[in-house]
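# A look at the structure
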Amino acid sequence: MTPSQEIALAVAASAVVAAIVIGAVRRRARRIAEAVAYVRGVHYVLSDAPDAAIGELTRAVELNPSASQSSIETYFALGKLFRRKGDLEHAIRLHQNILLRPGLPAESKRQAQLELALDLQRAGMLSRAVEAFEKFLAEAPTHPEALAGLRQVHETARDFEAAAEVQVRVVKSGQGGEAVLAHLLASAARAALGADREHAQKLADGAVQADASSPDALLARAEVLAARGQPQQAAEQLRTLLARTPEAALAAEPLLAKVLPPDEVVAALAGDGPPARWVALGRARARAGDRAGAAEALRQALVQEPGFAPARRDLGALLLGAPLEPGTQPAYEELLRALGRHELELQCDACKQTSSEPGWQCPRCGAWDSLRRAG
Ligand SMILES: [Zn+2]
């Protein structure tokens, strides 16, 4: 080797070494920058600044687009943020991209599949959400969040039978949920009434079987019996319902009025009980033409619960509907007293929405049996 060749070789060798060193330094710098961006992103997540968090986490991902575990975690954090902000298009694309990665660990793949299903649910892409949830559940058949998500998608699509089938899986896997199953089968029975009454009967029987203490199930069975021309059996179901759950009187009263003459409805609803029962009795008495009796029943409801919205509304309407008479004077005074108090507020356990109307389902998020007295 000539001296000039030796020099050239030495130069080339040190260039290679320099390139390796620079590469290592750059990689290290990138890793540090990625870690800093990730930590900043997490900080913004914690301080509830989703836009800033998305900026930092996107930077972290750009600095390390490899399939390393740390970058996957960053992707998931980013995806959750997109979904929380309602940027579902980005969330869906991001989770689809994770799923397309070669060599993705099985656990990450499952997580991406679940996140994608939740994105699609949130975006209202119901049939694609069903597909995504089922794909996830094929691997993890009893996963509570996925089963709940799939059930809700079917409920949103008002396919209560499909929702009930999902809920059967929840119950069978020992996670409870019989009360929700009864609600779903009761809803399915009502939906089937128009087309196939025999099938509706089976569904309503299934609802009672799923949860014999479910007032919704008993009411659905009574509705089916009434629709099938069996008013006496329907009335019997409703009497059972009222004996077990007098709180359900308001829901039961319209059907009672269909299957029994007015005086028998009044008799069925008479008795001491919660404010709902007094209001239902007030409605029944008003239907039977007994204004003073109706006012007295509604007054009783307000004595028990001055903030009970249905009682205030009914009594107000009753008293405004005709001139004041001596029999309704005490009710009028009770109403004035009650209006000085706060209205009774019910709050959803699941979404914290408040409502003054009693019901089995949250009007906002659709959770079952979630409304409780607020405060
Ligand atoms: Zn809710």
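Residues numbered from 1 in each chain as written. Predicted model: local features only at pLDDT ≥ 70, side-chain atom pairs only at ≥ 80, totals over all residues. Heavy atoms only, no water.

Reading across the sheet, the three strands line up as 2-1-3 and stay open at both edges, with antiparallel pairing between neighbours. Either end of the sheet is taken by a strand with one partner, and the two such strands are strand 2 (354–355) and strand 3 (371–373). As paired elements, strand 1 (residues 346–348) and strand 3 share three bridges and run antiparallel to each other. Opposite Gln347, over in strand 3, you have Arg372 as the bridge partner. (Pairing = 2+ DSSP bridges. Helix = DSSP H or I, 4+ residues; strand = E, 2+ residues; numbered from the N terminus.)

What follows covers helix 14 (residues 262–269). At 3.6 residues per turn, the α-helix brings residues three or four places apart onto the same side. Those residues of helix 14 lying buried are Val265, Val266, Ala268 and Leu269. Mapping the buried residues of helix 14 onto a view down its axis gives an arc of 160°, with all of them on the same face. Exposed side of helix 14, more than 90 degrees from the buried face: Asp263 and Ala267 are the residues found there. Residues of helix 14 that are buried sit in contact with helix 12 (231–244), helix 13 (249–259) and helix 15 (275–287). One or two positions beyond helix 14, positive phi appears at Gly271, with a value near 120°. (Buried < 20%, exposed > 50% of the residue type's maximum accessible area, 1.4 Å probe, protein only. Arc of directions from axis to C-beta. Contact = heavy atoms within 4.5 Å.)

Quick look at a nonpolar patch on the surface now. A contiguous nonpolar surface patch, about 380 Å² in accessible area, is contributed by Leu324, Tyr332, Leu336 and Leu339. Tracing the backbone through its elements, the reader meets Tyr332 in helix 18 (residues 329–339). (Patch = residues over 30% accessible without salt bridge, like charges linked within 9 Å, V, L, I, M, F, W, Y side chains within 5 Å. Areas by Shrake-Rupley, 256 points an atom, 1.4 Å probe, with all protein chains shown as cover. Salt bridge = Lys/Arg side-chain N within 4 Å of Asp/Glu carboxyl O.)

With that out of the way, let us pick up the nonpolar core. Residues Leu238, Leu256, Leu269 and Leu315 are the most contacted members of the largest nonpolar core, which totals 64 residues. In terms of residues, this core owes the most to one element, helix 9 (residues 178–192), which gives nine residues. The contact partners of Leu315, leaving out residues within four places of it in the chain, are Ala295, Leu298, Arg299, Leu302, Ala331 and Leu335. Of all hydrophobic cores here, the second largest spans 18 residues; its members include Ile92, Leu120, Ala140 and Val153. (Core = buried A, V, L, I, M, F, W, Y, C linked by side-chain atoms within 4.5 Å.)

Looking at the zinc ion, the protein donor atoms are Cys348 (SG), Cys351 (SG), Cys362 (SG) and Cys365 (SG), and they sit 2.3 Å from it. Taken together, the four donor atoms coordinating the zinc ion and their angles of 107 to 111° define a geometry best described as tetrahedral. Counting along the primary sequence, the residues that act as donors to the zinc ion give the motif C-x2-C-x10-C-x2-C. Cys351 matches Cys348 in its accessibility class, with the two residues each being buried. (Donors = N, O, S within 2.8 Å, 3.2 Å for Na, K, Ca; no water. Tetrahedral: all angles 85-135°; square planar, octahedral: opposite > 155°, others 65-115°.)

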